[in-house]
Amino acid sequence: MIFNIMEQLVRATVPDFMEKNDICKCEDCFEDVCALTLNSLPPLYKRLSDRQEIDVFRQSTSRQLSMDINIKIINAIDTVKKNPRH
Ligand SMILES: [Zn+2]
């Protein structure tokens, strides 16, 4: 199976940031934040045999990549917060 690792990382990281932020926590806003974040990051496809390996990959994610993802998430949260879909 091929996964977009970037999507997995973003989906796993967004809840932490939403938790710390004063933003609506509904599914709509979560999906919006994920979509906005992913649109500003390059996809990163990886062939994996099962989802277990995603955790392994996550642990080896470079510091630079984590920081890039975090910045994009913060920007996306800001955008969704100002213009919620509902
Ligand atoms: Zn919402």
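K.L.:
Give me helix 2 (residues 27–39): which residues, what numbers.
P.N.:
Across its 13 residues, helix 2 extends 18 Å between first and last C-alpha, which sits within 8% of the 18 Å expected from 1.5 Å per residue. Among all positions in helix 2, only D32, V33, T37 and L38 are buried. Here the buried face of helix 2 lies against helix 1 (5–20) and helix 4 (63–82).

K.L.:
Kindly report on the nonpolar core, identifying the contributing residues and their values.
P.N.:
Within the largest apolar cluster, 11 residues are counted, these being M6, L9, V10, V14, V33, L38, I69, I73, A76, I77 and V80. Looking at this core, the elements with two or more residues in it are helix 1, helix 2 and helix 4. Looking at which element gives the most residues to this core, the answer is helix 4, with 5 residues. Setting aside residues up to four positions removed in sequence, I69 forms contacts with L9, V10, T13 and L41.

K.L.:
Can you lay out the confidence of the model for the chain for me, pointing to particular residues and giving the numbers?
P.N.:
Per-residue confidence for the chain gives a mean pLDDT of 89; residues scoring 70 or more make up 87%. Ranking the elements of the chain by mean pLDDT puts helix 3 (residues 52–59) last with 63 and helix 2 first with 98.

K.L.:
So, the packing of helix 1 against helix 2: which residues are in play, and what are the values?
P.N.:
Closest axis-to-axis distance for the helix 1/helix 2 pair is 10 Å, and the angle between their directions is 130°. The orientation of helix 1 relative to helix 2 falls into the category oblique. By crossing handedness, the relation of helix 1 to helix 2 is classed as right-handed. Of the residues in helix 2, those in contact with M6, E7, V10, R11, V14 and M18 of helix 1 are F30, V33, C34, T37 and L38.

K.L.:
Requested: an account of helix 4, with residues and values cited.
P.N.:
Compared with an ideal rise of 1.5 Å per residue, which puts 20 residues at 28 Å, helix 4 spans 29 Å between its outermost C-alpha atoms and is within 8% of the ideal. For helix 4, the set of buried residues is I69, K72, I73, A76, I77 and V80. Here the buried residues of helix 4 occupy an arc of 145° about the axis, which is enough to place them on one side. Every exposed residue of helix 4 that faces more than 90 degrees away from the buried side is listed here: R63, Q64, M67 and K82. Considering only its buried residues, helix 4 is in contact with helix 1 and helix 2.

K.L.:
Requested: an account of the packing of helix 1 against helix 4, with residues and values cited.
P.N.:
It is the contact of helix 1 with helix 4, at a shortest axis distance of 10 Å, that shows an interaxial angle of 55°. The angle between helix 1 and helix 4 places the two elements in the oblique class. Of the two elements, helix 1 crosses helix 4, and the hand of that crossing is right-handed. For the pair helix 1 and helix 4, the contacting residues are L9, V10, T13, V14, F17 and M18 in the first and I69, I73, I74 and I77 in the second. When its residues are assigned to classes, the contact of helix 1 with helix 4 shows 9 nonpolar, 1 polar and no charged.

Criteria and thresholds
- Residues numbered from 1 in each chain as written.
- Predicted model: local features only at pLDDT ≥ 70, side-chain atom pairs only at ≥ 80, totals over all residues.
- Helix = DSSP H or I, 4+ residues; strand = E, 2+ residues; numbered from the N terminus.
- Expected span 1.5 Å × (residues − 1).
- Buried ≥ 20, exposed ≤ 12 C-beta atoms within 10 Å, placed from the backbone.
- Contact = placed C-beta atoms within 7 Å.
- Core = buried A, V, L, I, M, F, W, Y, C linked by C-beta atoms within 7 Å.
- pLDDT = per-residue confidence, 0-100.
- Axes fitted to C-alpha atoms, helices over the stretch in contact; angles between N-to-C directions.
- Parallel < 35°, antiparallel > 145°, perpendicular 65-115°, else oblique.
- Left-handed = near helix turned anticlockwise from the far one by under 90°.
- Arc of directions from axis to C-beta.
- Nonpolar A, V, L, I, M, F, W, Y, C, P; charged D, E, K, R; others polar.

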